[in-house]
Amino acid sequence: MDKMNKEEAKKKIQELREKTDYYAKKYYDDDSPEISDFEYDMLMLDLKNLEKEFPEFLDKDSLTQKVGGNVKEGFEKVEHEVPLQSLQDVFTIEELRLFDTRIRKDTEKEEVIYTVEGKIDGLSVALEYIDGKFVRGATRGNGQIGEDVTANLKTIKNIPKTLKESINITVRGEVFISTKDFEKMNEEQEILEEKTFANARNAAAGSLRQLDSKKTAKRPLDIYIFNIQKLEGNTYTSHYEQLLYLEKLGFNVNPVKKQCIGIENAIKEVESIGERRASLGFGTDGAVIKVDDLNLREDLGTNFKTPKWAIAYKYPPEQKETILKDIICQVRKNRSNYTNGNIRTS
């Protein structure tokens, strides 16, 4: 491709922003995606690369600079005391090595310990506990302000109402629908001759963001906790040890997690998760590599949208086989040379 001049770049950036804004609204706000996650990721990557090449056109309202998602009308707003940030996405193993190079340079460490976790394809939420009692839960929203969905979250059986210790803590997790339950849901929708769900992530998001919690209670929602946002009297220095502590408190913690010494071991775990993703039981489109040392995280800091101490590796889209059951050709009368072909697959 020939190098763009400034006018061409400005026009292309505006076009990509309009597209990403539209598709993000369909995905985050309407829970009705129109393109695949991979197609959206590629649009965002093109936009990010152009903004990097032409920084004079960078805008704070670009989705590369903020978290997608808004508060749905009918829900009370919740301001997150600790922002629920997004992650920087990468698509090659070499980019993971470059990430490690930057981390080691910035921390002056010869080798860094990482925690690698499966990236759960669901809706991110924050759960607040006071004296060990669940008091409030909110969606991520735009990272700063989310929706109060406490009543709906209380219908999820794997969210403990009382912890095993009387502490004040805020945790972050991902609400999702398992692969098995999602397939069952769509089978039931087909029997009822109703619209099927596009994917498990949006089925989970739409279920959690119901204004009537009785409707949410009918959906097979689950949750995995993957981070401590705030903990009074926190003395932990390791993220992985925090995850083990969360399990002791009674939380349903992400089971796909491993502590790895050095980037090459972390990459091996990323590849292992990729090989196992079809058998994990929940949707995942990537793996997350996080600096395990919480003190190093403080030193590294964050950007407005993303932490500098974590990165998400996105797997290529899964290719699945399908069975072509039938092809029905209907020739309409009074229209010469017009054929409408309907194809049914499973």
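Just above, that's the structure.
Residues numbered from 1 in each chain as written. Predicted model: local features only at pLDDT ≥ 70, side-chain atom pairs only at ≥ 80, totals over all residues. Heavy atoms only, no water.

J.: Whenever I open this one, the pattern of salt bridges confuses me. Can you help?
T.: Per the stated rule, a full pass over the model turns up 18 salt bridges. Of the charged contacts in the structure, one is a salt bridge between Arg102 and Asp106, with a shortest N-O distance of 3.7 Å. Of this pair, Arg102 and Asp106 both sit in helix H3 (residues 93-107), four residues apart, roughly one helical turn. A salt bridge links Asp285 to Lys314; its shortest N-O distance comes to 3.5 Å. You can see Asp285 sitting in strand E10 (residues 284-291) and its partner Lys314 sitting in strand E11 (residues 310-314), a full 29 residues away along the chain. Taken as a pair, Asp285 and Lys314 share a single burial class, namely buried. One salt-bridge network, held together by shared partners, links Asp89, Lys119, Asp285 and Lys314. (Salt bridge = Lys/Arg side-chain N within 4 Å of Asp/Glu carboxyl O. Helix = DSSP H or I, 4+ residues; strand = E, 2+ residues; numbered from the N terminus. Buried < 20%, exposed > 50% of the residue type's maximum accessible area, 1.4 Å probe, protein only.)

J.: What's the story with helix H1 (residues 6-29) in this structure? I'm lost.
T.: Along an α-helix, a turn takes 3.6 residues, which lines up residues three or four apart on a common side. Relative to the 34 Å expected for 24 residues at 1.5 Å per residue, H1 spans 33 Å between its end C-alpha atoms, a close match to the ideal helical length. Considered for burial, the residues of H1 that qualify are Ala9, Ile13, Leu16, Arg17, Thr20, Ala24, Lys26, Tyr27 and Asp29. The N-terminus of H1 is capped by Asn5, whose side-chain oxygen sits 3.1 Å from the backbone nitrogen of Glu7. (Expected span 1.5 Å × (residues − 1). Polar contact = N/O pair within 3.5 Å; in protein donor to acceptor, adjacent residues only side chain to side chain.)

J.: Please clarify how the sheet that holds strand E4 (residues 123-130) should be interpreted in this entry.
T.: Pairing between the strands of a sheet is mediated by backbone hydrogen bonds and can be parallel or antiparallel. Taken together, four strands build an open sheet; the order of strands is E5-E4-E7-E8 and the sheet is antiparallel. A strand with exactly one partner marks an edge of an open sheet, and here the two such strands are strand E5 (133-139) and strand E8 (222-231). Going across the sheet, the axis of each strand differs from the next one's by a mean of 25°, ignoring polarity. Across seven bridges, the pairing between E4 and strand E7 (residues 169-176) is antiparallel. Among the inter-strand pairings, Ala126 is bridged to a residue of E7, identified as Arg172. Against the sheet, helix H6 (residues 200-208) touches E4, E5 and E7, its axis set at about 45° to E4. Helix H8 (residues 239-249) contacts E7 and E8 of the sheet and is inclined by roughly 115° relative to E8. (Pairing = 2+ DSSP bridges. Axes fitted to C-alpha atoms, helices over the stretch in contact; angles between N-to-C directions. Contact = heavy atoms within 4.5 Å.)

J.: Even after reading the chapter, I still don't get the sheet that holds strand E9 (residues 257-261), so can you show me in this structure?
T.: What the five strands build is an open sheet, ordered E2-E11-E10-E3-E9; its pairing is mixed. Two strands lie at the open edges of the sheet, namely strand E2 (89-90) and E9, each paired on one side alone. Relative to E9, strand E3 (residues 113-120) is paired through five bridges, and the arrangement is antiparallel. Considered in E9, the bridge of Tyr114 is made with Cys260. Most of the contacts of helix H9 (residues 263-276) go to E3, to which it runs at about 15°, and overall it touches E3, E9, E10 and E11.

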